[in-house]
Structure formats: structure tokens, C-alpha cells
Protein chains: 2
Amino acid sequence: MAQLFRLDSSSGVPFYRQIIDQVLLAVADGRLKVGAQLPTVRQLAVDLSVNLNTVAKAYREMEIRGIVQTQQGTGTFIAARASGGRAREKRKAVSDLLDRFIANAEAHGVPIEDLVEALVERAENARRRTT
Amino acid sequence: MAQLFRLDSSSGVPFYRQIIDQVLLAVADGRLKVGAQLPTVRQLAVDLSVNLNTVAKAYREMEIRGIVQTQQGTGTFIAARASGGRAREKRKAVSDLLDRFIANAEAHGVPIEDLVEALVERAENARRRTT
DNA sequence: CCTATTGTACTAGTAGTCTAGTACAATGGC
DNA sequence: GCCATTGTACTAGACTACTAGTACAATAGG
């Protein structure tokens, strides 16, 4: 498999947060499926050349947020989505996210058409991967 | 002028870096032209509700990188050699924004297809509004 | 010259991130 | 039972980002 994690030390984003983001991305676009095992904290720490505690912190936060399930002695796995959320709540979540996203994009001077184009492309890649 | 700068305190990216990024993007897409004056350090600090030193740090780093020219007592201005690699920067900006957006959505259990649908709808509304 | 406005410089303190090292706890395979 | 492997927990220290407050330096304009 292609390298799943890569850190950008020049971005200013904390490592543990980058790890979380990349797990979420991988889940969103199908590279990581429910039940898949993540690298062990020690292995990933070596791969990324960061400290064991940094990886552990990322895993712990993902555990709390329900993104993964950890079993001491066994490993860390992508959790079955607690997507029991009702349709109404989901719609509101999407709306709120979009508000922030578009506002952010506008602050960066990115036209909305570019966003649509890029997002559609990502979605297609994800679909291709899951079928 | 529309709000040129906006900070995202939840992104984990340092404020001073966000300021630099947004100046670069504004230059890249023409909202800031060579010779344009940036807000004063004090004014921007008030606008963004951050400390004077944080803005000063951003300006100082941009000065060093040749993005702006500062004149004590006068102001801070976009330097002549500031513009370069606009298409590349824009593409990276879109990509970074998307990464965060999708990861964020996934964290909320929102599938990527829903995002496409909602975003397309917004884009159509926006187009209808501007024509 | 005087004053307001601009950027600059410095100290001090708080909070968060990351590293380093060590030890403990639970699981699975033998 | 034994032991390797997994995640967890803790302390200590270095470093960075940010805030807060103060003072200084250069410029523009009356």
C-alpha cells in the first residue's frame, strides 16, 4: 500500500492533529474501511520519526471521538461509524460545515466553482475505490 | 473592502502563519496588487483580536521573505517581487482546504456524497444570485 | 518643532506540543 | 504459565505560539 501517513513539519499543524486528519481522510475516501487495523503506536512512531507519545495522543483522541476502537494488546481499528444520526441532524451538520468551508475558501479567494470541481473529483476517486 | 483576513482558531495553524498565507493568496489572485498597503499592525491586531506582536511577527517574516516592504512610520506594502506561482499556490490552497473539510465531515459522520450534493446546490444558488 | 502614526524591540508569563525515558496493563499465541 | 505484542500512564524538560505590557525609532504632516 502506498504510504498512508505523511507529516508536514513546515505546515504548523501539530503532528497528532495531522495523523487524525489523515485517518479521517482515508476513511472518507475508502482507503481505510471499517475494521481495518491501523499501524501500532510504536510502528507508526518509527515510520513518521515522531515520539510514541505523539502517536498515542492521536489514537487516544480518535478513540474518544469514536473514530477508532482500541484494544490493549491487540491493536487499533477503524470503528463502525456511529452514524445512527438522524437525517435532520445530518443535514444540519452538512450545512454548518459548508458555511464554514465556503467562508474559509472565500477568505482564501478560492471561487466556489473550483471547490465543486475538486470535490467531485475526490468523490469519484472514493467511489472507484470502494466498488 | 470585503474582509481580507480571517483566522481559524480551531485549525491548529498559528495565527501569524495564517496571516502570511492569506496575504500570499490575496497577492496570487490579484486582490492585493504590488504597492498596496496592508493594514497597520495595530489595526489588524484589533480586527483579528490578536496581539500586536502576533501581527508584527507575520509582517516581519514577510519582510524577510521579500513579500512585503515595510517603512517605519509609513506602513507595510506589497513588494514588487511578491507575485509568483499563482496557479500552483491556488491549487494547493484548494487541496488543503478540501483535506480539512472532508476530514471534518467524516468526523461528523457525513459521507462525501452528501457534501458534493450540498455544495453543488450552493454553487447553483450562488450563480443564480449573481446573474 | 511638535505630534500622531507607523513599525520595532524587549521582557515576562501561560499554554500547548513534542521528545525522552520508563513502567504498567491487557491480549493472544506458544 | 510464559512471553512477545499491544495500548496506556506518568514524569521531566525543551521549544514554540501567543498574550500582555512597555518603550523606542522613524516618518509624515501640520
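Quick notes on the rules
Residues numbered from 1 in each chain as written. Chains lettered and ligands numbered in written order. Predicted model: local features only at pLDDT ≥ 70, side-chain atom pairs only at ≥ 80, totals over all residues. Heavy atoms only, no water. Near = heavy atom within 4 Å. Polar contact = N/O pair within 3.5 Å; in protein donor to acceptor, adjacent residues only side chain to side chain. Helix = DSSP H or I, 4+ residues; strand = E, 2+ residues; numbered from the N terminus. Nonpolar A, V, L, I, M, F, W, Y, C, P; charged D, E, K, R; others polar. Buried < 20%, exposed > 50% of the residue type's maximum accessible area, 1.4 Å probe, protein only. Arc of directions from axis to C-beta. Contact = heavy atoms within 4.5 Å. Pairing = 2+ DSSP bridges. Phe/Tyr/Trp six-rings, centres within 6.5 Å; stacked < 30°, edge-to-face > 60°. Lys NZ or Arg CZ within 6 Å of the ring centre and 35° of its normal. Salt bridge = Lys/Arg side-chain N within 4 Å of Asp/Glu carboxyl O.

Engineer: Give me the lowdown on the protein's contact with DNA strand C, citing residues and values where you can.
Structural biologist: The immediate surroundings of DNA strand C are formed by 23 residues, with P14, F15, N53, T54 and Q72 of chain A found nearest. Each atom of DNA strand C within 4 Å of the protein was classed as base or backbone; sugar and phosphate made up 57%. In the environment of DNA strand C, a sugar or linking oxygen lies 3.2 Å from a nitrogen or oxygen atom belonging to the side chain of T74 of chain A. One of the backbone nitrogen or oxygen atoms of V41 of chain B is found 2.9 Å away from a phosphate oxygen of DNA strand C. Sorting the residues of the surface near DNA strand C by element identifies α1 (15-28) and α3 (52-64) of chain A together with α2 (41-48) and β2 (75-78) of chain B as the ones contributing at least two each. Examining the composition of the surface near DNA strand C, we find that three residues originate from one element, α3 of chain A, more than from any other. Residues that form the surface near DNA strand C fall into these classes: five nonpolar, 15 polar and three charged.

Engineer: Residue-level account of α2 of chain B, with values.
Structural biologist: All names here are of chain B. Residues L44, A45 and L48 constitute the buried set of α2. On an axial view of α2, the arc spanned by its buried residues comes to 105 degrees, and they lie on one face. When the buried face of α2 is taken as reference, the exposed residues oriented beyond 90 degrees from it are R42 and V46. Where α2 is buried, its residues touch α1 (15-28) and α3 (52-64). Looking at the residues trailing α2, positive phi occurs at S49, about 60 degrees.

Engineer: How would you sum up the pairing of strand β2 (residues 75-78) of chain A? Please name residues and give values.
Structural biologist: Residues and elements named next belong to chain A. Across four bridges, strand β1 (residues 68-71) lies against β2 in antiparallel orientation. Across the sheet, the residue bridging to V68 is I78, located in β2. Between β1 and β2, which pair antiparallel and follow one another directly, the connecting turn spans three residues, one of which, G73, has a positive phi of 85 degrees.

Engineer: Hey, could you go over the protein's contact with DNA strand D for me, with residue numbers and the actual values?
Structural biologist: Residue and element names in this part refer to chain B. Taken together, 21 residues form the shell around DNA strand D, and within it P14, F15, N53, T54 and Q72 come nearest. Restricting attention to atoms of DNA strand D within 4 Å of the protein, one finds that 57% of them are sugar or phosphate atoms. Among the elements that make up the surface near DNA strand D, the one with the highest residue count is α3 (three residues). In the surface near DNA strand D, the residues fall into five nonpolar, 14 polar and two charged.

Engineer: Which residues make up the packing of aromatic side chains, and what are the values?
Structural biologist: One pass over the structure, following the stated rule, counts one aromatic pair over all chains. An angle of 0 degrees between the planes, with centres 3.9 Å apart, marks the rings of F101 of chain A and F101 of chain B as stacked. Taken together, the positions of F101 of chain A in helix α4 (residues 87-107) and F101 of chain B in helix α4 (residues 86-107) put the pair across two chains. With a relative accessible area of 5%, F101 of chain A lands in the buried category. The cationic tip of K57 of chain A hangs over the ring face of Y16 of chain A; the distance from NZ or CZ to the ring centre is 4.4 Å.

Engineer: Give a detailed account of the side chain of D29 of chain A, specifying residues and quantitative values.
Structural biologist: Among the secondary structure elements, D29 of chain A is positioned in the loop between α1 and α2 (41-48). Those residues in contact with D29 of chain A that sit more than four places away from it in its chain are A126 and R129 of chain A.

Engineer: Please provide a residue-by-residue account of the interface of chain A and chain B, values included.
Structural biologist: Residue-level contacts link 41 residues of chain A with 41 residues of chain B. If you look at where chain A meets chain B, you find two salt bridges. Between R122 of chain A and D99 of chain B there is a salt bridge; the shortest N-O distance is 2.7 Å. Our enumeration of links across chain A and chain B arrives at five residue pairs in polar contact (both at pLDDT 80 or more). At the level of secondary structure, the elements contributing two or more residues to the side of chain A that touches chain B comprise α1, α4 and α5 (112-130) of chain A. Ranked by residue count, the leading element in the side of chain A that touches chain B is α4 of chain A, at 15 residues. Of the residues that constitute the side of chain A that touches chain B, the class distribution is 24 nonpolar, seven polar and 10 charged.

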